[in-house]
Amino acid sequence: MERKNEKHALKLQPLEITSTTLFRCPISLEVMRSPVSLSTGVTYDRSSIQKWLDSGHRTCPATSQTLSSTEMVPNLTLRRLIRLCSDSEALPVQIADVSDETVEMIGTEVLCLLDEKDRERSEFIVMYLASIDGEMKEKVVSALAENPDISVSALIRVLKKGNTIESRIAACRLIESVLTSASPFLDKDSKAQIIQKSKLLDELVYLIGNEKTHNAVLTAIECMLNVIESNDEKKLRAEMVQSGAIPTTVMLIKSVDTPADVAGKAMRLLDQASRCKDGLMEILRDSKEIIEILTDKMMRVGREGREAAVGTIWAMCSKNDDVREAVKRMNGLVGRLLMVMQEDCSPVVGLMAGDLLKVCVGERGREGREGSYTKTMHVMPF
């Protein structure tokens, strides 16, 4: 894809980032030695925020919000960035105040920097960009989106071969930002082509199936969901199925060690897979086990996960008589469906849950009731 503005023409220059507030504690204004985040999401140096809390305060100094918890979570990504920036031999970068001009320069230069052979420097750039928020991040993402063939392929290299899980998570988040952006340089077709060409979904499935870190798995699932839902869903659902997402997702939902938030997102991925022909056919091959797993786990996840579980079971029932027989005999499903309908579920999910209840009621055999669900089960309501 051609660049539309010559002023953004790539030219590799030495990167100079002079004193960033990103690395400075909002209390002491000094570069943080042990950055930790509060429940509000703001990061402080541990010693400074500990003094604040020890003095009796229960609010966030930067936002004045009341703290729901005084737990301090180490910000490992930021700590690594600070360490890399202070290591002049490993990474000759000066730290300074980040102005709009600096961010624009980074956004342009990074397209070359990401493409170079120095992996450690590339990882630093990725982690640094992923740490920028707000309006400045929008400018960075916009610059990356102007030449996505270079930026996405470079980010995928970090996602695949990064030395640390922090850099791989950062790459995943930046990829998601670029491929879900409303950039005029990227339409849905070009995004789908980039995703297919780069084998992005293969890398995300590998990360989901092989990484044990909660944050990494959750970030990879969210990236896949958002990339699929904001682009050409039909093409990308089929691509996701081909990448092996279904067995990976089912194992994740099934595992007793999977946290509820991850299991809920995984159910949404399975629901996406069930909405394409190849995905539904693959799911139907293990329909009994999948129905048992979803029935068992759907009330242990959030509302979005429960609704996705209903959607997947409904899709299976709409195409297969054997699945309907299995649903009729599934202990506990009726109660769960009633609970889904009683909460504030979407109208479409309410219709699907109602259809499934008719399947279950048919087994109990009121005369004239059995089989009534078939009037709507052949219609896919999405």
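Everything quoted here is computed from the prediction, not taken from an experiment.

Cut-offs used in this document
- Residues numbered from 1 in each chain as written.
- Predicted model: local features only at pLDDT ≥ 70, side-chain atom pairs only at ≥ 80, totals over all residues.
- Heavy atoms only, no water.
- Helix = DSSP H or I, 4+ residues; strand = E, 2+ residues; numbered from the N terminus.
- Buried < 20%, exposed > 50% of the residue type's maximum accessible area, 1.4 Å probe, protein only.
- Contact = heavy atoms within 4.5 Å.
- Pairing = 2+ DSSP bridges.
- Axes fitted to C-alpha atoms, helices over the stretch in contact; angles between N-to-C directions.
- Core = buried A, V, L, I, M, F, W, Y, C linked by side-chain atoms within 4.5 Å.
- Parallel < 35°, antiparallel > 145°, perpendicular 65-115°, else oblique.
- Nonpolar A, V, L, I, M, F, W, Y, C, P; charged D, E, K, R; others polar.
- Arc of directions from axis to C-beta.
- Salt bridge = Lys/Arg side-chain N within 4 Å of Asp/Glu carboxyl O.
- Polar contact = N/O pair within 3.5 Å; in protein donor to acceptor, adjacent residues only side chain to side chain.
- Left-handed = near helix turned anticlockwise from the far one by under 90°.
- Expected span 1.5 Å × (residues − 1).

Observations regarding the overall build of the chain
Within the chain one finds 19 helices and three strands. Taking all 382 residues of the chain together, the buried fraction comes to 49%. For the chain, contacts bridging at least 24 residues in sequence account for 69% of all contacts bridging at least 6.

A look at the sheet that holds strand β1 (residues 35-37)
Here we have three strands laid out as an open sheet, ordered β2-β1-β3, and antiparallel in their pairing. Sheet topology places β2 (43-45) and β3 (73-74) at the edges, where each strand pairs with a single neighbour. Contacts between helix α1 (residues 46-54) and the sheet are confined to β1, β2 and β3, with β2 contributing the most and set at about 95 degrees to the helix.

Re the environment of Ala 315
Within the secondary structure, Ala 315 sits in helix α16 (residues 303-317). Residue Ala 315 is classed as buried on the basis of its relative accessible area, which comes to 0%. Linking Ala 315 and Leu 280, residues 35 residues apart in sequence, is a C-alpha distance of 7.6 Å.

Structural notes on the nonpolar core
Counting 104 residues, the largest nonpolar core has Leu 204, Ile 221, Met 224, Ile 313, Met 316 and Val 327 as its most contacted members. The element best represented in this core is helix α10 (residues 214-229), accounting for nine residues. In this structure, Ile 313 is in contact with Leu 294, Thr 295, Met 298, Val 327, Leu 333 and Leu 356, ignoring residues within four places of it in sequence.

Observations concerning the packing of helix α13 (residues 260-274) against helix α14 (residues 277-285)
It is at 6 Å that the axes of α13 and α14 come closest, and there the two elements cross at 115 degrees. Comparing the axis directions of α13 and α14 gives the class roughly perpendicular. Every residue of α14 that contacts α13 at Leu 270, Ala 273 and Ser 274 is listed here: Gly 279, Leu 280 and Ile 283. For the contact of α13 with α14, the residue count by class is four nonpolar, two polar and no charged.

Points about helix α12 (residues 245-254)
Buried residues of α12: Ala 245, Ile 246, Thr 249, Val 250, Leu 252 and Ile 253, and no others. The buried residues of α12 occupy an angular sector of 160 degrees when projected down its axis, which confines them to one face. Those residues of α12 that are buried are in contact with α9 (200-210), α10, α11 (233-242), α13, α14 and α15 (287-297).

Things to note about the pattern of salt bridges
Enumeration according to the criterion identifies 13 salt bridges in this entry. Put simply, Glu 289 and Lys 254 hold a salt bridge, and the shortest N to O gap is 2.9 Å. Placement of Glu 289 in helix α15 and of Lys 254 in helix α12 is noted, with a sequence separation of 35 residues between them. Residue classification places Glu 289 among the partly exposed positions, given a relative accessible area of 31%. Across the salt bridge formed by Glu 325 and Arg 329, the nearest N and O atoms sit 2.7 Å from each other. Connected through salt bridges with shared partners, the residues Glu 229, Arg 268 and Glu 304 form a single ionic network.

Structural notes on unusual backbone geometry
Leaving glycine out, the prevailing phi sign among residues is negative, and the prevailing peptide bond configuration is trans. Here the phi dihedral of Leu 29 falls at roughly 65 degrees; this positive angle occurs in a residue that is not glycine. As for its position among the elements, Leu 29 is in the segment before β1. One non-glycine residue, Lys 199, lies in positive phi territory at about 60 degrees. In this fold, Lys 199 is placed in the loop between α8 (188-198) and α9. Looking at Lys 199, the relative accessible area reads 43%, which means it is partly exposed.

Here's the deal with the side chain of Glu 211
On the secondary structure map, Glu 211 appears in the loop between α9 and α10. Within the structure, Glu 211 has its side chain in polar contact with the side chain of Thr 213 (distance 2.6 Å). If we skip the residues at most four places from it in the chain, Glu 211 touches Ile 165, Arg 168, Tyr 206, Ala 216 and Val 217.

Re the packing of α15 against α16
With their axes 10 Å apart at the nearest point, α15 and α16 run at an angle of 155 degrees to one another. For the element pair α15 / α16, the angle class is roughly antiparallel. Read as a crossing pair, α15 and α16 show a hand that is left-handed. Each of Ser 287, Ile 290, Ile 291, Leu 294 and Thr 295 in α15 lies in contact with α16, whose residues at this interface are Ala 309, Thr 312, Ile 313 and Met 316. Across the contact of α15 with α16, the residue classes tally to six nonpolar, three polar and no charged.

Notes on the environment of Ser 28
Of note, Ser 28 is situated in the segment before β1. Owing to a relative accessible area of 30%, Ser 28 belongs among the partly exposed residues under this scheme. Taking C-alpha positions, Ser 28 is 8.8 Å from Tyr 44, a pair spaced 16 residues apart along the chain.

So, α10
With 16 residues, α10 extends 22 Å from end C-alpha to end C-alpha; this agrees with the ideal 22 Å at 1.5 Å per step. Those residues of α10 that sit buried are Ala 216, Val 217, Leu 218, Thr 219, Ala 220, Ile 221, Cys 223, Met 224, Leu 225, Val 227 and Ile 228. Packed against the buried residues of α10 are α7 (165-179), α8, α9, α11, α12 and α13.

Some details on the environment of Ser 167
Relative to the helices and strands, Ser 167 resides in helix α7. Each C-alpha atom of the pair Ser 167 and Ala 130 lies 9.2 Å from the other, and the pair is 37 residues apart in sequence. Once you skip the residues sitting within four places of it in the chain, Ser 167 turns out to touch Glu 123, Val 126, Met 127, Val 158 and Gly 162.

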